[in-house]
Amino acid sequence: MTFASHVFRHSKQLKNAPGLLRQDHAVLVRWFTHSTRSVTSKGDDMLKHRQISNVYGESVCACKSCSGSMSSAPVFTRSYRAVNSTKVQNGHAASGMVFSRGITCSDVQLRRSFATNSGLPPHQEIGMPSLSPTMTEGNIARWLKKEGDQVSPGEVLCEVETDKATVEMECMEEGYLAKIIHGDGAKEIKVGEVIAITVEDKEDIEKFKDYKPQASDGGAQQAPPESTPAKEEVIEKAPSPPESKPVKPSTPPATDRVFASPLARKLAEDNNVSLSSIKGTGPDGSIVKADIEEYLASGKKDLPAAPSKADAKAPVSAINYTDIPNSQIRKVTASRLLMSKQTIPHYYLTVDTCVDKLTKLRAELNSLQEASGGKKISINDLVIKAAALALRKVPQCNSSWTNDYIRQFHEVHINVAVQTDNGLFVPVVRDADKKGLSAISEDVKSLAQKARENSLKPAEYEGGTFTVSNLGGPFGIKQFCAIINPPQAGILAVGSAEKRVIPGSVAGEFQFASYMSVTLSCDHRVIDGAIGAEWLKAFKGYIENPETMLL
């Protein structure tokens, strides 16, 4: 009944019903319930309108492939603005004006608004996109288009430095780049903040020469009420009670004060004698000249006098230093690792593995690789393969924690820690348990090169289920404990191999063998101690008998 009453109350608007009925049911209800909105001109079909927004922030899509509602404002000066809406496609997040190729306008809603009294031609504001789940701000590495250039859908506008990589930002509509708000090298731009303006007509470019983006809608309407200052004024005018003059308490005598005659003080200073080490024989225990002379005659040597207050206040010599700005990747790494140590209950399991058979197998495989023109296989490639197979054997370690359940992954994707000049990157080798050693080696080398060039794409570092960090081969670190990379539940820290003397097969005999220390960091919420030990046992089995990895 309520819905019908609204229909009859606003019967004058029924002339637009054919267009409205093609819209969503909720849109139809909102159209009739908002009585303060003005009615559009006769004959206008809802489908012919572009996306329109009023001061209340409602919007509809402008593309031909989708339809939406429309609203109006008292004054119609047309301007355009883009909404930074996030959509996940094929497992990757895209936001704002940046999407992978193949995303259509039906996947993204562009908000075009009527801005009152702007005096500007139709235009579109491009906001800083959110290109990763953890991104809150970004930097403009460089613009590939300049003001006045014509842009087409799919063309790269600029390169955006995110919290993990540098990503190309593509244009979604045809037009002209009228104004660049944030130029090359702009830092710490919040997600959604306007970075550029595009127009449809080339003649409108000059009108945006001095354009400055306005604050977000509704910001002025949500101003705090002015009642608080009035209350403060009343409090200020309240009569204060008569002030009573506090009586100055008599200063108690300082217990560390030394009483001495002027002549005794002068004599003590000339001979570098501390008065606190002398017992006075004068009135009330004061020190007199005779006490100083007796002290000097006794041959006692005093410690150096305490520094004066003036010396204590002397400025300390400044230490030379250089402030190095934090990159986006370093900021995110710092916050995530801090969160990991504060919220994840870490525990550590260490085991020594004999790598003699592993190094022998590696030498044989590399000889085959050289003969076929392939790249050499490293010890780290064999470690990644062994870790992936151990995760498949003990799937409880291939999991992550949530408050309601433990998510156990069916695929094994191994993140590999790579140190670069810009910070720490962890590109992912997907389906490492199913790939051969040659394919793993190719992936690791390619991803490491991209990480050093800061050109990794989100799909190349997101979605890992376990991490391997190796400081043994490159740096010779014997053993260390790594911090878990959330939301994963484990990370393997690989140390260097060293030769040890071990008992031989015959009593009284000894032999040399190479051993490598590895430490597994576990999230105790997900991996119990026995499960972690079982995983390390499986990993050690693959390392010490590498031929089993081929089965």
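Summary of the structure given here. On a predicted model such as this, the values are computed, not experimentally measured, just so you know.

So, how was this worked out
- Residues numbered from 1 in each chain as written.
- Predicted model: local features only at pLDDT ≥ 70, side-chain atom pairs only at ≥ 80, totals over all residues.
- Heavy atoms only, no water.
- Pairing = 2+ DSSP bridges.
- Helix = DSSP H or I, 4+ residues; strand = E, 2+ residues; numbered from the N terminus.
- Contact = heavy atoms within 4.5 Å.
- Axes fitted to C-alpha atoms, helices over the stretch in contact; angles between N-to-C directions.
- Salt bridge = Lys/Arg side-chain N within 4 Å of Asp/Glu carboxyl O.
- Buried < 20%, exposed > 50% of the residue type's maximum accessible area, 1.4 Å probe, protein only.
- Expected span 1.5 Å × (residues − 1).
- Arc of directions from axis to C-beta.
- Parallel < 35°, antiparallel > 145°, perpendicular 65-115°, else oblique.
- Left-handed = near helix turned anticlockwise from the far one by under 90°.
- Polar contact = N/O pair within 3.5 Å; in protein donor to acceptor, adjacent residues only side chain to side chain.
- Patch = residues over 30% accessible without salt bridge, like charges linked within 9 Å, V, L, I, M, F, W, Y side chains within 5 Å.
- Areas by Shrake-Rupley, 256 points an atom, 1.4 Å probe, with all protein chains shown as cover.
- Nonpolar A, V, L, I, M, F, W, Y, C, P; charged D, E, K, R; others polar.
- Core = buried A, V, L, I, M, F, W, Y, C linked by side-chain atoms within 4.5 Å.

## A few points about the sheet that holds strand S18 (residues 466-470)
Strand order across the open sheet formed by six strands is S11-S20-S19-S18-S14-S17, with mixed pairing between neighbours. Sheet topology places strand S11 (346-354) and strand S17 (428-429) at the edges, where each strand pairs with a single neighbour. Here strand S14 (residues 414-416) pairs with S17 via two bridges, running antiparallel. Paired with Asn 415 across the strands is Val 428, a residue of S17. In the packing of helix H13 (residues 529-544) onto the sheet, the strands contacted are S11, S18, strand S19 (490-503) and strand S20 (510-523), and the crossing angle to S11 comes to about 25°.

## Regarding the sheet that holds strand S3 (residues 123-127)
Taken together, the four strands give an open sheet; going across it, the order is S3-S10-S8-S5, and neighbouring strands pair in antiparallel fashion. Looking at which strands have only one partner, the edges of the open sheet turn out to be S3 and strand S5 (150-151).

## Considering the pattern of salt bridges
Following the criterion strictly, the structure yields 18 salt bridges and no others. Arg 142 is the salt-bridge partner of Glu 159, the closest N and O atoms lying 3.2 Å from each other. With Glu 159 in strand S6 (residues 156-161) and Arg 142 in strand S4 (residues 137-143), the pair connects residues that are 17 residues apart, well separated along the chain. With relative accessibility at 42%, the residue Arg 142 sits in the partly exposed group. Two residues, Asp 352 and Arg 500, come together in a salt bridge whose shortest N-O distance is 3.0 Å. Of this pair, Asp 352 sits in strand S11 while Arg 500 is found in strand S19, placing the two residues 148 residues apart along the sequence.

## Comments concerning helix H8 (residues 328-343)
Residues spaced three or four apart along an α-helix point in a common direction, a consequence of the helix completing one turn every 3.6 residues. Between its first and last C-alpha, H8 extends 22 Å over 16 residues, near the 22 Å set by a 1.5 Å rise per residue. Of the positions making up H8, those classed as buried are Gln 328, Ile 329, Val 332, Thr 333 and Ser 340. The arc that holds the buried residues of H8, viewed along the axis, is 125°, so those residues lie on one side. Looking at the buried side of H8, the elements it contacts are S4, S6, S11 and strand S16 (423-425).

## Remarks on the packing of helix H10 (residues 379-393) against H13
For the pair H10 and H13, interaxial distance at closest approach is 9 Å and the crossing angle is 135°. Taken as axis vectors, H10 and H13 run oblique relative to one another. You can see that H10 and H13 cross each other, and the crossing is right-handed. The segment H10 lies against H13, with Val 383, Ala 386, Ala 387, Leu 389, Ala 390, Leu 391 and Lys 393 engaging Trp 535, Ala 538, Phe 539, Tyr 542 and Ile 543.

## As for the pairing of S4
For S4, a buried count of five out of seven residues is recorded, marking the element as mostly surrounded by other parts of the structure. Bridge count between S4 and strand S9 (residues 189-190): two bridges; the pairing is antiparallel. Directly across from Gly 138, in S9, lies its bridge partner Ile 189. Relative to S6, S4 is paired through four bridges, and the arrangement is antiparallel. When the bridges of S6 are listed, Asn 139 appears paired with Glu 161.

## A look at the environment of Arg 525
Assignment of secondary structure puts Arg 525 in the loop between S20 and H13. Residues Arg 525 and Thr 402, spaced 123 residues apart in sequence, show a C-alpha to C-alpha distance of 9.5 Å. Residue contacts for Arg 525: discarding those within four places in its chain leaves Thr 343, Ile 344, Pro 345, Trp 401 and Ile 406. Among the polar contacts made by the side chain of Arg 525, one reaches the side chain of Asp 523 at a distance of 2.9 Å.

## Observations regarding a nonpolar patch on the surface
Taken together, Val 501, Phe 510 and Phe 512 make up a surface patch of nonpolar side chains, about 390 Å² in accessible area. Within the secondary structure layout, Phe 510 lies in strand S20.

## Digging into the packing of H10 against helix H11 (residues 437-452)
Between two packed helices, what matters for the description is the angle formed by their axes and the separation of those axes. Between H10 and H11, the least distance of the axes is 9 Å, while the angle of their chain directions is 115°. Taken together, the axis directions place H10 and H11 in an arrangement best described as roughly perpendicular. For the pair H10 and H11, the crossing hand works out as right-handed. Of H11, the residues touching H10 (which contributes Asp 381, Leu 382, Ile 384 and Lys 385) are Leu 437, Ile 440, Ser 441, Val 444 and Lys 445. Of the residues contributing to the contact of H10 with H11, the split by class is five nonpolar, one polar and three charged.

## Quick notes on the side chain of Asp 433
With respect to the helices and strands, Asp 433 occurs in the loop between S17 and H11. With relative accessibility at 7%, the residue Asp 433 sits in the buried group.

## Focus on H10
Taking 1.5 Å of rise per residue, 15 residues should cover 21 Å, and H10 covers 21 Å from first to last C-alpha, within 8% of that figure. Counting buried residues in H10 gives 12 out of 15 residues, a clear majority hidden from the surface. Burial in H10 covers these residues: Asn 380, Asp 381, Leu 382, Val 383, Ile 384, Lys 385, Ala 386, Ala 387, Ala 388, Leu 389, Ala 390 and Leu 391.

## Concerning the nonpolar core
Counting residues in hydrophobic clusters, the biggest one holds 53 residues, and the most contacted among them are Ile 414, Leu 492, Trp 535 and Phe 539. Put simply, the parts of the chain that give this core at least two residues each are S11, H10, S14, H11, S18, S19, S20 and H13. No other element matches H10, which puts nine residues into this core. Excluding residues that lie within four positions of it along the chain, Trp 535 makes contacts with Ala 387, Ala 390, Leu 391, Val 394, Cys 397, Phe 466, Leu 492 and Leu 520. Counting 19 residues, the second largest nonpolar core, distinct from the first, contains Val 160, Cys 171, Ala 186 and Ile 195.

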